Amino acid sequence: VAITAGDLTAYTLLRHIVRLHLLMKVIALTLFLVAAFGWTQARFQDDFEWRFAGPGNGKHCVQILEPADPHTWNDNYFCSKHESINAGFRWSYAGPIRNMRCTQVIEPSDPHTWRDNYICVPHSSPLHLRWSYAGPIGGMDCIRWYEGADPHTWADNYLCAQHYSHFPGSLPSWPSDFRWSFAGVPGGYDCVQIREPADPHTWNDNYFCWRKNKGNPGLRWSYAGRIGGMKCTQIIEPSDPHTWRDNYLCVPPNSPYNFRWSYAGPRGRCIRWYEGADPHTWADNYLCAQHYSHFPGSLPSWPSDFRWSFAGVPGGYDCVQIREPADPHTWNDNYFCWRKNKGNPGLRWSYAGRIGGMKCTQIIEPSDPHTWRDNYLCVPPNSPYNFRWSYAGPRGTCIRWYEGADPHTWADNYLCA
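Rules of the game
Residues numbered from 1 in each chain as written. Predicted model: local features only at pLDDT ≥ 70, side-chain atom pairs only at ≥ 80, totals over all residues. Heavy atoms only, no water. Helix = DSSP H or I, 4+ residues; strand = E, 2+ residues; numbered from the N terminus. Buried < 20%, exposed > 50% of the residue type's maximum accessible area, 1.4 Å probe, protein only. Contact = heavy atoms within 4.5 Å. Areas by Shrake-Rupley, 256 points an atom, 1.4 Å probe, with all protein chains shown as cover. Disulfide = S-S within 2.5 Å. Core = buried A, V, L, I, M, F, W, Y, C linked by side-chain atoms within 4.5 Å. Phe/Tyr/Trp six-rings, centres within 6.5 Å; stacked < 30°, edge-to-face > 60°. Lys NZ or Arg CZ within 6 Å of the ring centre and 35° of its normal. Pairing = 2+ DSSP bridges. Axes fitted to C-alpha atoms, helices over the stretch in contact; angles between N-to-C directions. Salt bridge = Lys/Arg side-chain N within 4 Å of Asp/Glu carboxyl O. Lys, Arg positive; Asp, Glu negative; His and termini not counted. Polar contact = N/O pair within 3.5 Å; in protein donor to acceptor, adjacent residues only side chain to side chain.

## Thoughts on the overall build of the chain
Along the chain, the regular secondary structure elements total 2 helices and 27 strands. Taking all 417 residues of the chain together, the buried fraction comes to 47%. The long-range fraction of contacts in the chain, counting pairs at least 24 apart against all pairs at least 6 apart in sequence, stands at 61%. With an accessible surface of roughly 20,600 Å², the chain has 54% of that area assigned to carbon and sulfur atoms.

Have a look at this one:
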């Protein structure tokens with residue numbers, strides 16, 4: 001069979017049409033997912049900003065200082081725009097900071113020692129930063145670091161980051177920082193829309209919300225089944241005929257919220273989901289969870305935000321008591337502590353073996369005869385802290401656990417991370 005040039009042209013055109021059709025379907029599906037599930041990504045520029053004339057009203061600022069540079073670098077800051085977001089930034093003009101994830105900030109044209117400067121974040125941070133001294137980086141969110149008084153080409157320098165789903169600020173407490181609204185987004189709150197397109201009873205203006213001054217808890221809504229890779233709670237009303245069997249409220253898999261749904265009155269600490277215009281028994285439907293007042297917001301930095309105390313709880317700190325009832329050497333007043341203005345790291349102590357469901361570090365002193373072999377300091381399983389214990393001097397970045405009244409070699413015991 002002879003194939004003409006016209007046949008090839010028609011075949012090529014048909015292939016392009018098929019590809020275009022597939023592309024349009026992908027775009028349509030993406031738009032549907034965004035509309036249906038509220039898939040959004042936070043932008044670096046929305047959460048942070050550069051300031052070259054003092055911190056102003058910026059929140060949680062780190063000073064960007066190069067003492068060897070005479071061009072007014074003493075008043076430059078990199079800041080959060082929101083009180084709820086503390087990224088834990090630290091700055092160094094003398095090399096990277098140990099035990100942090102650091103990005104070199106370099107300007108080759110500047111002769112004032114701009115080769116050993118770094119901005120650093122905790123290893124647990126969702127921010128993965130990159131630096132450019134030649135304009136913004138394609139495909140990333142970038143913020144210009146500009147110092148107009150410096151003549152050494154600081155007009156094209158940018159700190160960049162990938163998109164991230166949400167920044168773990170100080171998350172809302174349950175239930176006090178949440179609310180339901182059946183009449184649009186209330187002032188002072190951010191929300192996820194709760195909608196069921198098949199239900200005609202004004203479900204287009206219903207929202208589940210949290211206070212604006214708190215971190216984004218990562219809530220997503222689906223009216224078409226569970227969302228993959230998330231921890232989902234079914235929102236069901238058996239008396240409602242409008243497809244209320246495939247609706248789910250979802251949170252990230254490591255979220256501290258463990259929601260439960262009830263369509264027959266409250267079961268614990270609950271918030272009512274009420275739509276007065278819907279006749280199908282929505283007056284007794286509740287979203288419930290355990291009470292939480294502390295969430296892993298801006299967690300304490302190791303080791304600067306922690307301390308040991310052998311004489312009670314120190315001022316300005318929250319603590320977990322470190323006790324061994326079998327040891328007579330004043331272990332009743334020993335505490336391991338973190339700063340009050342930081343999130344609760346979830347530490348728990350046990351003098352009777354590991355705590356189930358937690359990540360535990362054995363605290364042992366072989367020379368002490370008072371049952372110091374079954375004692376553990378534990379953290380939640382998703383905690384960023386990976387502690388190590390040493391009873392023979394420091395091994396890395398450590399805090400000494402010292403009890404002077406105990407004669408059994410407690411002078412060289414350290415908790416390290």
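Next comes the rest of the account.
## Notes on the state of the cysteines
By definition, a disulfide links two cysteine residues through a covalent bond between their sulfur atoms. For the structure shown, the criterion picks out 9 disulfides. In this model Cys 61 forms its disulfide with Cys 79; the gap between the sulfur atoms is 2.0 Å. Taking the sign of the S-S torsion, about 115° here, the bridge from Cys 61 to Cys 79 comes out right-handed. Taken as a pair, Cys 61 in strand S2 (residues 59-63) and Cys 79 in strand S3 (residues 77-80) lie far apart in primary sequence, 18 residues in all. The class of Cys 79 is buried, set by a relative accessible area of 0%. Across the disulfide, Cys 102 is cross-linked to Cys 120 (sulfur-sulfur distance 2.1 Å). Where Cys 102 bonds to Cys 120 through sulfur, the torsion about that S-S bond is close to 110°, and the disulfide is right-handed. Of the two residues, Cys 102 is situated in strand S5 (residues 101-104) and Cys 120 in strand S6 (residues 118-121); the sequence distance between them amounts to 18 residues. Using a relative accessible area of 0% as the deciding quantity, one classes Cys 120 as buried.

## Here we look at the nonpolar core
If you look at the biggest cluster of nonpolar residues, it comprises 25 residues, and the most contacted ones within it are Phe 208, Leu 249 and Trp 273. Every element with two or more residues in this core is listed here: strand S10 (178-181), strand S12 (207-211), strand S15 (248-251) and strand S18 (286-289). In this structure, Phe 44, Phe 78, Ala 87 and Leu 159 belong to the second largest nonpolar core, which totals 24 residues.

## Section: the packing of aromatic side chains
Counting across every chain of the model gives 45 aromatic pairs. Measuring from centroid to centroid gives 5.2 Å for Trp 174 and Phe 178, while their planes differ by 55°, and the two rings are tilted. Of the two residues examined, Trp 174 and Phe 178, each falls in the buried class. Looking at Arg 144, its charged tip hangs above the ring of Tyr 146, at a distance of 4.4 Å from the centre. The ring centre of Tyr 274 lies 4.4 Å from the NZ or CZ of Arg 272, which sits over that ring.

## Some points on the sheet that holds strand S8 (residues 141-144)
Adjacent strands of a sheet pair through backbone hydrogen bonds, lying either parallel or antiparallel. With antiparallel pairing, the 3 strands of this open sheet are ordered in space as S7-S9-S8. The strands lining the two open edges of the sheet, one partner per strand, are strand S7 (129-132) and S8. This sheet shows a mean twist of 25° between the axes of neighbouring strands, independent of strand direction. In the sheet, S8 pairs with strand S9 (residues 158-161) via 4 bridges, with the strands oriented antiparallel. When the bridges of S9 are listed, Ile 143 appears paired with Leu 159.

## A closer look at the pattern of salt bridges
For the structure on display, the rule yields 5 salt bridges. Between Arg 211 and Asp 177 there is a salt bridge whose closest N-O contact spans 3.0 Å. Of the two residues, Arg 211 sits in strand S12 while Asp 177 sits in the loop between S9 and S10, which places them 34 residues apart along the sequence. Exposure remark for Arg 211: the relative accessible area of 33% places this residue in the partly exposed category. Its salt-bridge partner being Asp 318, residue Lys 340 comes within 2.9 Å of it at the nearest N-O pair. Placement of the pair is Lys 340 in the loop between strand S21 (335-339) and strand S22 (348-350) and Asp 318 in strand S20 (residues 317-321), with a sequence separation of 22 residues. What makes Asp 318 partly exposed here is its relative accessible area of 24%.

## Some remarks on the side chain of Glu 324
Looking at the secondary structure, you find Glu 324 in the loop between S20 and S21. One buried charged side chain, Glu 324, makes no salt bridge at all; its nearest oppositely charged neighbour is Arg 323, positioned 8.3 Å away. A polar contact is formed between the side chain of Glu 324 and the backbone nitrogen of Ala 326, at a distance of 2.9 Å. In this structure Glu 324 touches Trp 331, Tyr 351, His 370, Thr 371, Trp 372, Asp 374 and Asn 375, once residues within four positions along its chain are discounted.

So far we have only geometry, and geometry alone does not tell us how the molecule works.
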